[in-house]
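These are the residues of each chain, in order.
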Amino acid sequence: MSDKTVIEVSGDNPYSVVIGRALLGEVPAALAKSVSKVLIVHPVGLSPSAELLRETLVEAGYEAILAGVPDSEDAKRVEVAAFCWGVMGQADFTRTDAVIGFGGGSTTDLAGFVAATWLRGVKLIQVPTTLLGMVDAAIGGKTGINTAEGKNLVGVFHAPSAVIIDLDTLQSLARNEILAGFGEVVKYGFIADERILELIEADVAVATDPTSEVFQEIIERSVAIKARVVGEDFKESGLREILNYGHTLGHAIEHAERYKWRHGAAISIGMVFVAELARLAGRLNDAAVDRHRSVLNLLGLPTTYPAAKWGQLQETMQRDKKTRAGTLRFVVLDDIAKPTIMTAPAIELLHAAFQEIVEG
């Protein structure tokens, strides 16, 4: 067993996030003795790895069933959730049984939603296998599926019992997937921990190498921020809103692109947009805005978007789950690591900020 870091998430239902290497063998230990059946929700592309996890659970005495689902956002549909419910119903899953989310952020979102809604809630273990899942989606208990009208509009808060982050699962991930996941990592740097930005700026190749110690430090720093914030504000009534930095426009871009874009790429543009919004409002200085572009460019992430999409993006943002009574709310910065909320910015100001990120 490798060295590991354990980060505790506090709150009404506390749990541990375990970070290290060669950790998949620890999954059975995270299940309670009362558990008999386990549903492993996984993308079809991870079927061989999911089968190995199933065998590990069977050897530990559990009845483990695989539920292969589509990759990425295609998994986050009510039809896919219904498929999982059907598997659980046919296997007579009870309230003392469990669901494991094994895959990227979309998979862990779906698995969490399935666990939260089956018999009004069963045990959930998250085993994220992408960078995005590790630093964001698998931690915090926000679960959800998409509708034709927008992203994550149907969901429920349901805390996992444990999150197991095995960094070795990233070694087979395509490099563009790693870099896309850094969209969320950079977010943590801007809202809470400038050291993350400094590590990326110092040597982007080392910072994005899943085998490096610097990479592990960045993951641990990101997880620690997410754990602290969700521990203080589980249901997003205050502090947790800062985790949505760049997400209002980012989610609208994902919707406009019919969820074919990677989440981190859309959030990258969203962060530059709100940085420009804060600058135009007189809150954020030019150097901090320029730093957004420079860090994201180092990672090869996009920072511009077509002008013709503004009307569609504006309409989608009005339906964003962070909107209150039709009033748009944006997380912005007063400085690096000083996030705040901007409520009801004038449409002229929003349009002016968007012009700053228009392609060309």
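A few points on the structure. (Residues numbered from 1 in each chain as written. Predicted model: local features only at pLDDT ≥ 70, side-chain atom pairs only at ≥ 80, totals over all residues. Heavy atoms only, no water.)

Bringing the overall build of the chain into the picture now. Of regular secondary structure, the chain possesses 13 helices and 11 strands. For the chain, whose C-alpha radius of gyration is 20 Å, the value lies close to the compact-globule estimate of 21 Å for 360 residues. In terms of principal-axis extent, the alpha carbons of the chain reach across some 60 × 40 × 35 Å. Scored against the burial criterion, the 360 residues of the chain give a buried share of 56%. Contacts in the chain between residues at least 24 apart in sequence constitute 73% of all its contacts with a sequence separation of at least 6. Positive and negative side-chain charges of the chain, numbering 34 and 46 respectively, have mean locations separated by a distance of 5 Å. (Helix = DSSP H or I, 4+ residues; strand = E, 2+ residues; numbered from the N terminus. Rg over C-alpha atoms; globule rule 2.2 N^0.38 Å. Buried < 20%, exposed > 50% of the residue type's maximum accessible area, 1.4 Å probe, protein only. Contact = heavy atoms within 4.5 Å. Lys, Arg positive; Asp, Glu negative; His and termini not counted. Charge placed at Lys NZ, Arg CZ, Asp CG, Glu CD.)

For the rest of this paragraph, the subject is the environment of L173. One can find L173 in the loop between β9 (162–166) and α5 (175–191). L173 sits 42 residues away from L131 along the chain, and the two C-alpha atoms are 9.2 Å apart. Setting aside residues no more than four positions away along its own chain, L173 makes contact with T129, T130, L131 and I178.

Interhelical geometry of helix α9 (residues 247–256) versus helix α10 (residues 263–280) gives an angle of 135° and a closest axis separation of 7 Å. Considered as vectors, α9 and α10 are oriented oblique to each other. Regarding α9 and α10, the two cross each other, and that crossing is right-handed. Across the interface between the two elements, H247, L249, G250, H251, I253 and E254 of α9 pack against H263, A266, I267, I269, G270 and F273 of α10. (Axes fitted to C-alpha atoms, helices over the stretch in contact; angles between N-to-C directions. Parallel < 35°, antiparallel > 145°, perpendicular 65-115°, else oblique. Left-handed = near helix turned anticlockwise from the far one by under 90°.)

Turning our attention to the sheet that holds strand β6 (residues 123–128). Strand order in the open sheet formed by 7 strands is β1-β2-β9-β6-β5-β3-β4, and the pairing between neighbours is mixed. Strands at the two margins of the open sheet, each flanked by one partner only, are β1 (4–9) and β4 (63–69). Between one strand axis and the next, the sheet turns through 15° on average, direction left out of account. In this sheet, β9 lies alongside β6 in parallel orientation, the contact comprising 2 bridges. Bridging from a neighbouring strand, I125 pairs with A162 of β9. Running over the sheet, helix α1 (residues 47–59) touches β3 (37–43), β4 and β5 (98–103) and is turned about 165° from β3. Across the face of the sheet, helix α3 (residues 105–117) comes into contact with β3, β4, β5 and β6 while running at roughly 170° to β5. (Pairing = 2+ DSSP bridges.)

This paragraph deals with unusual backbone geometry. The residue S72 is not glycine, and still its phi comes out positive at about 55°. You can see S72 is positioned in the loop between β4 and α2 (78–90). Even without a glycine there, the phi angle at A344 is positive, about 55°. Residue A344 is classed as partly exposed on the basis of its relative accessible area, which comes to 48%.

Before going further, it helps to examine the environment of R54. Turning to its location among the elements, R54 is positioned in helix α1. Assessed through its relative accessible area of 23%, R54 is described here as partly exposed. Expressed as a C-alpha distance, the spacing of R54 and D92, which sit 38 residues apart in the sequence, is 18 Å. R54 has contacts with I40, A64 and L66, leaving out every residue within four places of it along the chain.

Here we come to the side chain of S212. Within the fold, S212 resides in the loop between α7 (204–207) and α8 (213–232). Among the polar contacts listed, one links the side chain of S212 to the backbone nitrogen of F215, at a separation of 3.0 Å. The residues contacting S212, other than those within four sequence positions of it, are R21 and V206. (Polar contact = N/O pair within 3.5 Å; in protein donor to acceptor, adjacent residues only side chain to side chain.)

Pairing geometry for β1 and strand β2 (residues 15–20), over 6 bridges, is antiparallel. Residue pairing in the sheet places K4 in a bridge with G20 of β2. Linking β1 to β2, which pair antiparallel, is a turn of 5 residues; within it G11 sits at a positive phi near 120°.

When the terminal C-alpha atoms of α10 are compared, their 26 Å separation across 18 residues agrees well with the 26 Å that a helix rising 1.5 Å per residue should span. Along α10, 16 of the 18 residues are buried, which leaves the element largely enclosed by surrounding structure. (Expected span 1.5 Å × (residues − 1).)

Now for the pattern of salt bridges. Applying the stated criterion across every chain, the model contains 24 salt bridges. One salt bridge connects E73 with K76, and the closest N-O pair in it is separated by 3.8 Å. What makes E73 buried here is its relative accessible area of 10%. Exposure remark for K76: the relative accessible area of 1% places this residue in the buried category. Notably, a salt bridge pairs E356 with R279, separated by 3.8 Å at the nearest N-O pair. Of this pair, E356 sits in the segment after α13 (347–355) while R279 sits in helix α10, and the two are 77 residues apart along the sequence. Judged by relative accessible area, which is 25%, R279 ranks as partly exposed. When salt bridges that share partners are traced, they join E73, K76, D109, K151 and E254 into one network. (Salt bridge = Lys/Arg side-chain N within 4 Å of Asp/Glu carboxyl O.)

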